[in-house]
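For reference, the chains in residue letters:
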Amino acid sequence: MIKFSIETIKKITLSEIDVVLTNDHKLELSTDCRNAIITCRKYLDAKVNSTDTPIYGVNTGFGALCNVRIESSQLSELQANLVRSHACGTGNEIPQRIVKLMLFLKIRSLSYGNSGVSIETMERLVFFFNEDILPVVYEQGSLGASGDLAPLAHLSLPLIGEGEVNYKGKKIRTKEIFEALNIKPLALQSKEGLALLNGTQFMTAFGVACCLDGLKLFDQSNLIAAMSLDAFDGRIEPFLPQLHDIRPHQGQGRTAKNFIKLLEGSTLIKKNKMHVQDPYSFRCIPQVHGASYDAILNCSNIIETEINSVSDNPLIFPKEDLILSGGNFHGQPLALAFDFLSIAFSELASISERRLFLLISGQRGLPAFLTQNSGLNSGFMITQYTAASIVSQNKQLATPASVDSIVSSNGQEDHVSMGANAAVKCFQISNNLRKVLAIELMNAAQALDFRRPETSSQLIEKFHAEFRSVVPHLEKDRLMYPEIQLAIEFLGKH
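Residues numbered from 1 in each chain as written. Predicted model: local features only at pLDDT ≥ 70, side-chain atom pairs only at ≥ 80, totals over all residues. Heavy atoms only, no water.

### Re the side chain of Asn198
To keep things clear, this is the line we draw: Strands here are runs of E lasting at least two residues and helices are runs of H or I lasting at least four, both read from the DSSP assignment and numbered beginning at the N terminus. Working definition: with a 1.4 Å probe on protein chains only, accessible area under 20% of the residue-type maximum means buried, over 50% means exposed, and in between means partly exposed. Contact definition: two residues touch when any of their heavy atoms are within 4.5 Å.
Among the structural elements, Asn198 can be located in the loop between α8 (192-197) and α9 (201-231). Residue classification places Asn198 among the buried residues on the basis of a relative accessible area of 3%. When near neighbours in sequence (up to four residues on either side) are disregarded, Asn198 contacts Lys106, Ser146, Gly147, Leu149, Leu152, Ser311, Asp312, Asn313 and Phe329.

### Comments concerning the pattern of salt bridges
Cut-off, in case you're wondering: Whenever Lys or Arg places a side-chain nitrogen within 4 Å of a carboxyl oxygen from Asp or Glu, that contact is recorded as a salt bridge.
Throughout the structure, instances matching the rule amount to 24 salt bridges. Two residues, Glu304 and Lys11, come together in a salt bridge whose shortest N-O distance is 3.6 Å. With Glu304 in helix α13 (residues 285-307) and Lys11 in the loop between β1 (3-6) and α1 (14-22), the pair connects residues that are 293 residues apart, well separated along the chain. Residue class for Glu304 comes out buried when judged on its relative accessible area of 14%. Taken together, the salt bridges that share partners define one network made up of Asp24, Lys26, Lys100 and Asp132.

### Considering helix α5 (residues 119-130)
Inclusion rule: To estimate how far a helix should reach, multiply one less than its number of residues by 1.5 Å.
Taking 1.5 Å per residue as the helical rise, α5 with its 12 residues ought to reach 16 Å, and the 16 Å between its terminal C-alpha atoms agrees with that figure. Extensive coverage of α5 is indicated by the burial of nine of its 12 residues. Those residues of α5 lying buried are Ile119, Thr121, Met122, Arg124, Leu125, Val126, Phe128, Phe129 and Asn130. Check the buried side of α5 and you find it contacts α1, β2 (26-29), α2 (31-50), α4 (96-110), α7 (174-181) and α8. Taken from the residues just after α5, Asp132 is the one with a positive phi, measuring 55°.

### Thoughts on the packing of aromatic side chains
Note the following rule: Side-chain rings of Phe, Tyr and Trp, where Trp is taken by its six-membered ring, are said to pair if the distance between their centres is within 6.5 Å; with planes under 30 degrees apart they count as stacked, over 60 as edge-to-face, and otherwise as tilted. Ring-over charges, as used throughout, are those where CZ of Arg or NZ of Lys falls within 6 Å of the ring centre and within 35 degrees of the ring normal.
A full pass over the atoms with the stated rule returns 10 aromatic pairs. With a centroid separation of 5.7 Å and 40° between ring planes, the pair formed by Phe463 and Phe490 is classed as tilted. A residue pair is termed long-range when its members are at least 10 positions apart, and Phe463 in helix α17 (residues 458-468) and Phe490 in helix α18 (residues 481-493) qualify at 27 residues. Overall, the relative accessible area of 4% leaves Phe463 in the buried class. Overall, Phe490 belongs to the buried group, its relative accessible area being 11%. Taken together, the ring pairs connect Phe4, Phe104 and Phe129 into an aromatic cluster. The ring centre of Phe129 lies 4.6 Å from the NZ or CZ of Lys100, which sits over that ring. The residue whose ring lies beneath Arg354 is Phe357, and the NZ or CZ to ring-centre distance is 4.4 Å.

Rendered as structure tokens:
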């Protein structure tokens with residue numbers, strides 16, 4: 001068993017999270033984290049016991065009820081009621097991968113010792129993560145300000161023995177799993193429910209997944225586009241470094257350089273060409289793919305900052321003897337990033353669909369719809385329809401969520417980020433991008449078959465052969481939808 005230690009002084013990167021989740025590492029709290037958490041909790045207890053001053057969410061109600069004082073004997077009940085009342089999620093269950101990310105990120109945010117949670121609560125969260133006890137969380141319910149209240153309430157319900165969890169492949173009531181494992185529900189102390197529910201972990205979890213997937217999808221976009229370029233008898237000149245040295249955007253140059261490497265050794269790319277230029281969907285790959293890459297990097301930097309942040313409210317600073325009520329839970333930085341990332345993913349899908357349209361168009365010696373006996377056979381005609389449908393849906397989903405706001409909590413929470421909606425949409429668009437790329441791959445592989453005996457580069461031929469072991473060449477019409485699914489799964493594993 002490999003353990004990953006959460007430390008207050010060490011920045012956690014996206015790549016580290018990917019390794020932790022992929023290799024099923026177990027978490028542990030470092031000594032400095034434990035000390036910071038315990039110190040903060042002791043400070044808060046002492047403050048509550050020594051003052052009559054209202055402290056938001058500690059001895060008051062929440063949101064528009066912030067001026068309602070709560071008796072000290074009711075503080076634990078207040079926190080449990082908060083978790084119960086805020087568990088108003090609806091819609092689809094989010095993927096368990098995202099739930100596990102939420103647990104990781106909530107542990108991270110609380111580990112700094114500014115939130116006032118007890119060490120027992122932290123240990124229970126770590127236990128859930130390590131044992132894959134994953135609360136059932138729903139897509140809809142968060143406005144992306146005051147934190148992801150509803151989703152985080154569902155994440156927190158099992159701590160008090162309520163709600164449902166997924167465990168060992170089954171959805172089960174928390175009460176039943178606690179009985180089976182001889183676990184007792186936690187009695188939340190003052191401020192703990194608020195610390196658990198205020199935060200951006202729902203948004204950020206989707207952001208981590210989108211950024212990690214996005215970097216892989218970017219690489220796959222380049223590889224598949226290079227296969228399409230060769231299969232379409234495209235030109236190499238638009239990728240030569242002289243062009244990009246005098247317009248030095250990072251993503252543009254990286255993409256062009258990558259294509260030179262991907263096509264090295266191809267006999268097809270070296271052929272004399274009858275045409276002077278390629279359409280933009282081929283000629284402008286460095287500029288379009290590269291811009292999306294720059295957007296992915298920008299958004300990844302924002303997400304990494306959020307991973308290593310404290311985003312609940314109020315926040316506690318024992319050394320300074322301060323308890324500050326602010327707005328670190330507001331998801332505006334994330335909402336803007338998700339909207340930008342959604343556009344970047346949508347554009348990668350859009351240009352992919354244009355390339356596959358050209359591959360089936362009967363140009364440059366390729367048969368119409370990439371089938372020898374067109375008319376009797378429709379070949380790949382309707383794969384383009386499917387891709388076009390998905391691309392159009394992406395355009396609709398890429399409409400910015402962050403420009404919207406709606407008043408809540410009787411006007412106390414009067415500007416919200418809609419970052420949760422932006423995050424869910426972005427995740428859907430990233431999944432749609434994989435589908436469109438899978439369809440382009442099917443068409444590119446088929447088109448490349450028609451170029452034999454000439455060959456592409458060693459890298460592309462190897463990728464082509466791997467794909468052909470999953471989806472064979474199309475000789476005559478057959479059911480396409482199972483093969484589209486196989487192509488999607490192929491990219492998911494590649």
